[in-house]
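Residue-level listing of the chains:
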Amino acid sequence: MSVILEATGVGITVGKRRLVDGVSLTLSSGELMVVVGPNGAGKTTLMKLLTGELAPTEGEIRLDRDRLGDLPAWRLAGKRAVMAQATRLAFPFTVVEVVRIGIDSVGRSLPRAERERLIAEALRSADIEDLAARNYQTLSGGEQQRVQFARTFAQLKAGRRGAANQVMFLDEPVASLDLAHQIALMEAAVGLVDDGVAVIAVLHDLNLAATFADRILVMHRGRAHAVGKPAEVITRDLVATIFGVDLVSDAVPPGALPVVLPQNYARSRATRGGS
Ligand SMILES: Nc1ncnc2c1ncn2[C@@H]1O[C@H](COP(=O)(O)OP(=O)(O)OP(=O)(O)O)[C@@H](O)[C@H]1O
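Residues numbered from 1 in each chain as written. Predicted model: local features only at pLDDT ≥ 70, side-chain atom pairs only at ≥ 80, totals over all residues.

> Account for the site of the ligand, with residues named and values stated.
Contacts to the ligand come from Val 14, Arg 17, Leu 19, Gly 37, Asn 39, Gly 40, Ala 41, Gly 42, Lys 43, Thr 44 and Thr 45. Of all elements in the fold, only β2 (17–28) and α1 (43–51) reach the threshold of two or more residues within the shell around the ligand. The leading source of residues in the shell around the ligand is α1, at 3 residues. Taken together, the residues of the shell around the ligand break down into 3 nonpolar, 6 polar and 2 charged. (Near = placed C-beta within 6 Å. Helix = DSSP H or I, 4+ residues; strand = E, 2+ residues; numbered from the N terminus. Nonpolar A, V, L, I, M, F, W, Y, C, P; charged D, E, K, R; others polar.)

> Tell me about the sheet that holds strand β5 (residues 66–67), residues and numbers included.
Sheet architecture is open: 4 strands sit in the order β2-β1-β4-β5, paired in antiparallel fashion. The two strands at the open ends of the sheet, each matched to only one other strand, are β2 and β5. Of the strand pairs in this sheet, strand β1 (residues 3–14) and β2 are connected by 8 bridges, and their pairing is antiparallel. Paired with Val 3 across the strands is Ser 28, a residue of β2. (Pairing = 2+ DSSP bridges.)

> Quick rundown of the nonpolar core? Include the residues and the values.
One finds Val 34, Val 99, Ala 150, Met 168, Ala 189, Val 199 and Ala 209 to be the most contacted residues of the largest nonpolar core, which totals 82 residues. With near-sequence residues (within four places) excluded, Ala 209 lies in contact with Val 34, Val 36, Leu 203, Ile 216 and Pro 230. (Core = buried A, V, L, I, M, F, W, Y, C linked by C-beta atoms within 7 Å. Buried ≥ 20, exposed ≤ 12 C-beta atoms within 10 Å, placed from the backbone. Contact = placed C-beta atoms within 7 Å.)

> Any chance you could break down the confidence of the model for the chain for me, citing the residues and the numbers?
Mean pLDDT over the chain: 88, with 90% of residues reaching 70 or higher. Confidence metrics for the complex model read pTM 0.90 and ipTM 0.98. (pLDDT = per-residue confidence, 0-100.)

> Give a description of the environment of Gly 159 that names residues and reports values.
Take Gly 159: it is sitting in helix α5 (residues 141–159). Given 24 C-beta atoms within a 10 Å radius, Gly 159 is considered buried. Taking C-alpha positions, Gly 159 is 27 Å from Gly 141, a pair spaced 18 residues apart along the chain. Residues contacting Gly 159, with those up to four places away along its chain left out, are Ala 77, Gly 78, Val 106, Gly 107 and Gln 166.

> So what's going on with the packing of α5 against helix α6 (residues 179–194)? Which residues, and what values?
Interhelical geometry of α5 versus α6 gives an angle of 5° and a closest axis separation of 12 Å. Judged by the angle between their axes, α5 and α6 are roughly parallel. Contacts between α5 and α6 involve Gly 142, Arg 146, Phe 149, Phe 153 and Leu 156 on the former and, on the latter, His 181, Leu 185, Ala 188 and Leu 192. Here the contact of α5 with α6 is composed, by residue class, of 6 nonpolar, 2 polar and 1 charged. (Axes fitted to C-alpha atoms, helices over the stretch in contact; angles between N-to-C directions. Parallel < 35°, antiparallel > 145°, perpendicular 65-115°, else oblique.)

> Requested: an account of the sheet that holds strand β9 (residues 215–220), with residues and values cited.
The sheet built from 6 strands is open, its strands ordered β6-β7-β8-β3-β9-β10 with mixed pairing. At either margin of the open sheet sits one strand with a lone partner, and together these are β6 (80–83) and β10 (223–228). The mean inter-strand angle of the sheet, taken between neighbouring strand axes irrespective of direction, is 15°. Two elements, strand β3 (residues 32–36) and strand β8 (residues 198–202), share 4 bridges in a ladder whose sense is parallel. Following the sheet pairing, Val 35 is matched in β8 by Val 202. Sheet strands in contact with α6 are β3, β7 (167–171) and β8, and its direction is about 150° off that of β8.

> Explain unusual backbone geometry to me, using residue names and the numbers behind them.
Phi is positive for Asp 127, close to 55°, though the residue is something other than glycine. The residue Asp 127 is located in the loop between α4 (112–125) and α5 in this model. Even without being glycine, Arg 221 reaches a positive phi, approximately 50°. For Arg 221, the position within the fold is in the loop between β9 and β10. Residue classification places Arg 221 among the partly exposed residues on the basis of 15 C-beta atoms within 10 Å.

Quick look at the structure:
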């Protein structure tokens, strides 16, 4: 697996506040990294730095070996797609129009039939085919999230020919989703990962994180507290120290947090050969 995203000593100070401090990480093609941490830990700020929405005041970020700040917007659009925490739209776009925005940013040279095929695939990936003609503004929070995932998915698929190495950034993509759609969205992300895309996602649900992540990054007070495989990182000690929650059940060993999930959660890991 080749490193596609590399952050070295990245930080940002706003006023006198250091929101992110000295974070170094690498993300490889075909890898799914999940970022966890308490409210205010700096997860979204880190994502904004990694996507280029914010410029770091310290350190350096490289995307596919280029310095992030040197890449023009059109090249960025082919290499990375971003699903932000919540996206409001000022105009009454239909769902299919929103998904098409993802393709228009990079896939204008694609034949019309290919673009339509990608839109259909994106709608399917987010289980929103039946919403295609609806006004985005009238959708529920969870439905809007699924549309934004589809837009991001479509953008990556459309940009795939021009840019072999791509990253998908997902900031709390399942925050408003019911359980089945949480699993479905993560499985769609895994499908991209299996295709060689690097995915970095902020999640609050530690079980979901442990189930789907290849590696977990724990943010705490702006710093990278830990990074590693889920079983190494998500321990009872970590949950107590970082999240302030004592898992008192005798069934919980002091080491790895047991992942108590419905059967189909385990499916992805089993099929991907994860541990
Ligand atoms: N522009 C800003 N100016 C000052 N402080 C900011 C700014 N943006 C974010 N912060 C603060 O930086 C800290 C990190 O914010 P961030 O949104 O990155 O946290 P988070 O880990 O994503 O939290 P959550 O889980 O609540 O979404 C918070 O304390 C926030 O209030």
